[in-house]
Amino acid sequence: MTTTARSDATLTTDVPMLDLGYQNRQVVDEVAEGFARVIDANEFILGSDVSAFERQYAAYLHVDHVVGVGNGTDALVLALRAAGIGRGDEVVLPTNTFVATAEAVALVGGVIRFVDCGPDYLLDVDALGAAVSSETRAVIAVHLYGQVAPVERIRGIVGDDVVIVEDAAQSQGARSGDRWAGALGDVAATSFYPGKNLGAFGDAGAVMTGSAAIADRVRALRNHGGLRKYEHTEIGTNSRLDSLQAVVLNAKLARLDGWNQERRAIATRYTEALADVDGVTVPTTTPGVDHVFHQYVVELDDRDRVLDELNAVGIGAGIHYPAPVHLLPAFAEVSPGAGAFPVAERQAGRIMSLPIYPGLDEGAQARVVEQLVARL
Ligand SMILES: *Cc1c(COP(=O)(O)O)cnc(C)c1O
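Residues numbered from 1 in each chain as written. Predicted model: local features only at pLDDT ≥ 70, side-chain atom pairs only at ≥ 80, totals over all residues. Heavy atoms only, no water.

All right, on to the sheet that holds strand S14 (residues 296–300) then. Two orientations exist for strands paired in a sheet by backbone hydrogen bonds: parallel and antiparallel. One open sheet holds the three strands; their spatial order is S12-S14-S15, and the pairing between them is antiparallel. In this open sheet, the two edge strands, each paired with only one partner strand, are strand S12 (280–281) and strand S15 (351–354). Where S14 meets S15, four bridges bridge the pair, whose relative direction is antiparallel. Within S15, the position partnered with Val297 by the bridge is Ser353. Contacts from helix H9 (residues 256–274) reach S12, S14 and S15 within the one sheet, and its direction differs from that of S14 by about 20 degrees. Contacts from helix H10 (residues 303–312) reach S14 and S15, with the element oriented near 25 degrees to S15. (Pairing = 2+ DSSP bridges. Helix = DSSP H or I, 4+ residues; strand = E, 2+ residues; numbered from the N terminus. Contact = heavy atoms within 4.5 Å. Axes fitted to C-alpha atoms, helices over the stretch in contact; angles between N-to-C directions.)

With that settled, the discussion passes to unusual backbone geometry. Backbone torsion omega between His320 and Tyr321 reads 10 degrees, so that peptide bond is classified as cis. Relative to the helices and strands, Tyr321 is located in the loop between H10 and helix H11 (342–348). A positive phi is found at His62, a non-glycine position, where the angle reads about 55 degrees. Here His62 lies in the loop between helix H2 (48–61) and strand S3 (65–69).

On to the pairing of S3, then. Of all five residues in S3, four are buried; the element is thus mostly enclosed. As defined by bridge partners, S3 adjoins strand S11 (residues 205–209) across five bridges and the pair is classed as antiparallel. When the sheet's bridge partners are listed, Val69 is paired in S11 with Gly205. (Buried < 20%, exposed > 50% of the residue type's maximum accessible area, 1.4 Å probe, protein only.)

Our next topic: the site of the ligand. The local shell around the ligand holds 13 residues, among which Gly72, Thr73, Asp167, Ser191 and Lys196 are the closest. Side-chain polar atom of Gln170 to an oxygen atom of the ligand: 2.8 Å apart, as the coordinates give it. Protein contacts shield 92% of the accessible area of the ligand, which totals 380 Å² for the unbound molecule. Those elements giving two or more residues to the shell around the ligand turn out to be helix H3 (72–82) and helix H4 (99–107). A per-class count over the shell around the ligand returns four nonpolar, seven polar and two charged. (Near = heavy atom within 4 Å. Polar contact = N/O pair within 3.5 Å; in protein donor to acceptor, adjacent residues only side chain to side chain. Areas by Shrake-Rupley, 256 points an atom, 1.4 Å probe, with all protein chains shown as cover. Nonpolar A, V, L, I, M, F, W, Y, C, P; charged D, E, K, R; others polar.)

Below, the structure is given as structure tokens:
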């Protein structure tokens, strides 16, 4: 945080949207030792640190298989491919998500069928019921903002013949009852992009599954379509997890629950401060879900003005995301167009994400609240 004299001559303190410094400081020594070991061993791609991370993350999630890959988008692509989803296959997904969820379907040649979301920003199960058909081969359940999507209810609607893919990029450590996000569907994909709840020092991702067949296929696909060198049984790609990133992930995984607990405490403070304030709607948590607050998202009427003014006084609020995917130019050809998904479209004009990250101190948070409330 920096102290800055503003033009109005008041002394203010910036609060960024995200600051990884607190997390980095806790792991830096362990990471330096691990990097030295990897460099010494000349073992940069896959290798023992990657295997150790795959085992530890599988144990943490209580899922049978974790396969480390290059990033979260590849994880989604490889999860779809390994589950047999490809050209012409219809895949249902919520329109309010990060673009990568939809990109992955397009990249495997699938047919995208967007659905709307509910007031909790998660895929609307009734809308899903109306959208699924005999053509539907897969549904992607996105655990948006760190809340867990209703995978059991989705299963009840689509039955056992449709593949449920979880997009668990924003939900590391989140639980529904006694089960972890990433272990609820047939296959799951996650991202360890640095800003995620479990983040590497660069790009990284993983596929999780209870199926040995899917896991083996991802292991082959991530490494040029073969499990052994120069044996290429199908056309794969290069999407391997680096050993250096696995060192970082092993160090951070040990601290993930504590950091998520801090995020929940911050979310609780925001909600306590804002729940009774007119003009702002605070997020809800599904009963039985351990939300991990990748984002803390409020809704307000005059969002663009408030956001601009907050940013102008050094409060790093943001929007996740400014447009639902069906309104992005890249997806115009597969979109039913504006007006098709009124809930997501309305929310996109009203949502604002407040700073939330382990290490955000109470004073800084109080300043975010004070500056927001003053502008409503
Ligand atoms: C970050 C993210 C991804 C993509 O992950 P990358 O590692 O950036 O490729 C996919 N889906 C969601 C919901 C995400 O937040």
